[in-house]
Amino acid sequence: MAFLGHYNYYIVVVLMMIGFYVVIARGNMVKKIMGLNLFQTSAFILFISAGKIMGGSTPILRDGVEVYSNPLPHVLILTAIVVGVATTAVGLALSVRINEAYGNIEDDLLSEEEPDDFALTQEPSRDDDSS
Amino acid sequence: MTLIEWMPFSVLIPLIAAPVCALLPGRVLPWTLTFVSVLASAVICALVLPMAVGEGPLSYAFGNWPPPVGIEYRVDAVNALLALLISAIATIILPWARVSVNDEVPDRQGPFYALFLLAMSGLMGITLTGDVFNVFVFLEISSLSTYALIAHGKNRAALLASFRYLIMGTLGATFYLIGVGFLYIQTGTLNMVDLAERLPALADDRAIRTAFGFIIVGMGLKLALFPLHRWLPGAYSNAPSMVTVFLAATATKVAVYVLLRLVFSVFGVEFALAMPFEEIFFTLGAVGIFFASLSAIKQTSLKRMLAYSSVSQIGYIALAISLISTAGLSAGLVHIFNHALMKGALFMCVGAIVYRIGSDRFADLGGLAKQMPLTMLAFVLAGLSMIGVPLTAGFISKWALISAAIEAGNGYAVGIVLIGSLMAVIYIWRVVEIAYLQPAPDNADMSRRREVGLSMLIPLWILIAANFYFGIDTRLTLDIATRGAEVLMGMTP
Amino acid sequence: MSGGVLIGLILGTPLIGAVLISLCGRWPNVRETVTLTTAISLFVLVSQMIGPIAAGETLRLSLAEPIPGLEIAFQLEPLGMVFAMLASGLWIVTSVYAIGYMRSNNEPYQTSFFAFFAIAICGAMGVAMAGNLLTLFIFYEVLTLSTWPLVTHNRNEAAKQGGRVYLGILLATSIGLLLPAIIWTYSITGTLDFTPGGILELDSISPLAATLLLTMFVLGVGKAAVMPMHRWLPAAMVAPTPVSALLHAVAVVKAGVFTITKVVIYIFGLDFLATLPLEKFLVYLAGFTVIAASLVALRQVEIKRMLAYSTVSQLSYIVLAALVLAPFAEIGAAIHIVAHAFGKITLFFCAGAIYIAAKKTRVDQLHGIAWRMPFTMVAFTIGAVSMIGVPPTAGFVSKWYIVAGAFQVDNFFVLAVLAISTGLNAAYFLPIVFRAFFQAETVPPAKDHGEAPWPMAAALTLTAALTILFFFFNGPVVDFEKGILEVAS
């Protein structure tokens, strides 16, 4: 019971690892952004689910209700979601620009095909450009 | 209005000016608005600093919601100094930046300067706030605008660098957010003072330790702690020169500040000592100094070389922090300040060179001392500060750091600091040798190779003068840093 | 004039000179006048300090306090006084020589040459007058950095290589060993002031740690060129000869041995050092340097490189004398700073004169040259005799005191070193003299030549004369140096 009682955290962990894996393993920039979104969302769920109190009601004052859920995480995560949307927007915009400039958005390809271009002002050196 | 009520305006003025600035047409208006608001912010910080140092923590509650319910701004010796550093550097950079920005971002300067204002107000906000979630919000404000600023670079590679920084930066911020989430779940508060009171009782709690780990990794990414530094060289070397100067002087420093504040003020020294904090930071700092310096030596262009040098300098700060002593923290804080002065000056020189000859490759720098004598002399002087030659700010940093290491009985730390200094001699002097002893390359366009104008030289030389001033008169830096270290070590924020 | 103002003026004069020199770059005659005026005024100012110092007054100037409790402060004592007199006095002679050298050789970048020369002299003055180790370190680095442009003056590949070795070794030793040694001392004692009798004591530091500290100081002062930190000195010989003469035979290297002597007398104290068990190790190292450098000098064919190795060897005489820890030997160390300066600057002047007049740089090209350049070769002979330590030259005086000091403490190792090195010195100097005077020219020179231009000939004649005069009139200097011992004990 205790095991299942924390199911929200397991979901968070699974989502987080999927997102993290996608960010690291995928070269395609759109996919990277998707992974990033998953990763962020898992953090949001962590916050929100922590605000839920068993048997608690919505946090609106009314008669006959003693236990309320914690509204603060919702407020915080509202802000974080906005931040997440903004990040996604900037990331996508950059991908579009990169696509215009290079003709593709595969990170690995970009650093392999044109190592000079990534650091226009220097000779290629092995240890810097692959992240 | 008392002085303390003016304090939030150092963040708000640039924040409010930003959207206005974005709408302004032409080149003169956006720049003027930016300069005025940044200057106002700097003036406020300069006025608040003596009070914060003298009277201890000043507190301001937003919207009159008393903390810990509302968001609190809390200013003491540490963040007052840092806030002044950020706003003062921004003020000095702007006059320098005008011609450079005209060259690198010819169109739509309104939005560009708006982004700069946002980035700056974000950094100020991180510094001044006393609320851990608020830190996240401002962190993202400054990061998002920084990504966009970097993408303004002339080369298309700037887009790639920006994207890579975006991925790493967002990961770091989210790590931090998760850490904050754990803290909130266990304590029910987000206010730093409140957290500091509640955490000691929970010192053995596994969730709190996890939170500590997440926050360290998240901030480690933001401050480019070796080996989480991979985003930095690309971002620094492809961004517009002005952005590079600003980022190098301030952005990573703010991340260091957050780390210091949380580790020492919120979690507390005992908690940090119980965790393997010391060992991790010492190892990463030492390895970072060595390998980043080595990379700097291998580079063949100025911006990348200095970017790697920045990574190694962060290693010094990490090393200083890892000593977990007042002397060590004070050395770290002094180096945060002094490094901003020297790296700012060095990147300004590079910006001036790029503005004139359109390249920062070593191969193109031959004989430049003849055509740009004042810029190159400034480079040499700032480089000396970087090496840690006496009478410069860098020497004070080195002295403080080595004394702290000797005091802690850590001979390895002394050794690695000295090795790092000697490696700095190599990478700085390589450039000096090329600029002073080698003839100009055959294909050089001599008509472009001449000294930059006064608008660039004056800010540059102000920073150079500051490098020497703070190498001789250390009342401002060393004393406040010591006070700040005491605050961090011994008291709640 | 109060002492503080005087010290300020002495530091400021060469700096102002440097600024004026760089401003007058377009008018060489004005520029050279500025150089000479600066040098003469500096010498006059420095000599103003003799009276007060001899009378036992304290001249002190404190400029700033960069680290809490640590000032940038100057305070004069007899040892520094002599060093300052030496450097400023020989600067006048060298300036005359340099003007002749640079002009007849049509050297480029003369303005920056004279400007950096003046800054280097400022560094030497600061070292001489430093009141604590921090101040000394600051000016020590000024001296290092301001001489780099002089070493790389020719801006060719050889100059670049030489400059790298020069700066690399000097900075590596000073930052890597000297600076931590200074900070370590400070963390133990809480002060860095030069205090008669020393600031280190047995109850604050273990004998082993103190030996390590002393080693860090002796090796960290790279300018003293104790092996294995000596490579920069031969590398510095790519510089124009006036630089080698004044800076790399007098100002820079003497700043090194001066620092070591100061550290021995005023930081450690003779009594404290005598209690250290392993201190002998450094005596052996210095002794080894004396012999080894002489052996290397024996094999050199370039005149300047040979002289450089001879300098390495002679510098270790001074280090050796300072570490013998006998009162007479300390005097000997102080006097050898002067005696070697006169002799070695003469030798370098001669090497430069030969280069300018005959374009010859190698030992084996000097057959019969004495008959073309009699003044130069007579001066060279006097310098060489002084290096060997034969009367009536300056070198004999200092050697006398060092030997006397060695007898005071029955240190026969030092006596043996002195004996062997005297033989070696004779072995590499006398053949040159013999060749120049008594062998016929093998190949006639491409262009018939006589002496070098008159400023050079005059300068080298003067220093040669000083070398001999010092043998007869060293009384004031010796009396003056005895002051150190009164202070030290």
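All of these numbers come straight from a predicted model, not from anything done at the bench.

## Things to note about the overall build of chain B
Regarding its fold elements, chain B presents 21 helices and two strands. Relative to its full complement of 493 residues, chain B shows a buried share of 69%. Within chain B, counting contacts between residues at least 6 apart in sequence, those at least 24 apart form 80% of the total. By element, 66% of the accessible surface of chain B is carried by carbon and sulfur atoms, the whole surface being about 14600 Å². Side-chain charges in chain B split into 28 positive and 26 negative, and the spacing between the mean points of these groups amounts to 12 Å.

## Notes on the interface of chain B and chain C
With 28 residues of chain B at the contact, the number on the chain C side is 31 residues. For the pairing of chain B and chain C, the buried interface totals around 2500 Å² over both sides, and the portion due to carbon and sulfur atoms is 80%. If you sort the residues of chain B by the area they bury against chain C, B:Trp399, B:Glu433 and B:Leu437 come out on top, with a joint share of 28%. Taken together, the links from chain B to chain C amount to one salt bridge. A salt bridge links C:Arg164 to B:Glu433, with the shortest nitrogen-to-oxygen separation between them at 2.6 Å. At the boundary of chain B and chain C, one finds three residue pairs in polar contact (both at pLDDT 80 or more). Listed by contribution, the elements that provide at least two residues to the side of chain B that touches chain C are α17 (373-387), α18 (393-407), α19 (411-437), α20 (454-472) and α21 (475-490) of chain B. Per element, the largest residue contribution to the side of chain B that touches chain C is 10 residues, and it comes from α19(B). Residue composition of the side of chain B that touches chain C, grouped by class: 20 nonpolar, five polar and three charged.

## As for the interface of chain A and chain B
Of the residues lining the interface, 49 residues belong to chain A; the matching set on chain B comes to 41 residues. Taking both sides of the interface into account, the surface hidden between chain A and chain B amounts to around 4200 Å²; carbon and sulfur atoms contribute 69%. For the pair chain A and chain B, the number of links is zero salt bridges. Sorting the residues of the side of chain A that touches chain B by element identifies α2 (7-25), α3 (29-51), α4 (72-102), α5 (107-113) and α6 (115-118) of chain A as the ones contributing at least two each. If one sorts the elements of the side of chain A that touches chain B by residue count, α4(A) sits on top with 16 residues. Across the side of chain A that touches chain B, the residue classes break down as 28 nonpolar, 12 polar and nine charged.

Conventions used here
Residues numbered from 1 in each chain as written. Chains lettered and ligands numbered in written order. Predicted model: local features only at pLDDT ≥ 70, side-chain atom pairs only at ≥ 80, totals over all residues. Heavy atoms only, no water. Helix = DSSP H or I, 4+ residues; strand = E, 2+ residues; numbered from the N terminus. Buried < 20%, exposed > 50% of the residue type's maximum accessible area, 1.4 Å probe, protein only. Contact = heavy atoms within 4.5 Å. Areas by Shrake-Rupley, 256 points an atom, 1.4 Å probe, with all protein chains shown as cover. Lys, Arg positive; Asp, Glu negative; His and termini not counted. Charge placed at Lys NZ, Arg CZ, Asp CG, Glu CD. Buried area = accessible area lost by both parts, 1.4 Å probe. Salt bridge = Lys/Arg side-chain N within 4 Å of Asp/Glu carboxyl O. Polar contact = N/O pair within 3.5 Å; in protein donor to acceptor, adjacent residues only side chain to side chain. Nonpolar A, V, L, I, M, F, W, Y, C, P; charged D, E, K, R; others polar.

Read these as geometric descriptors, not functional statements.
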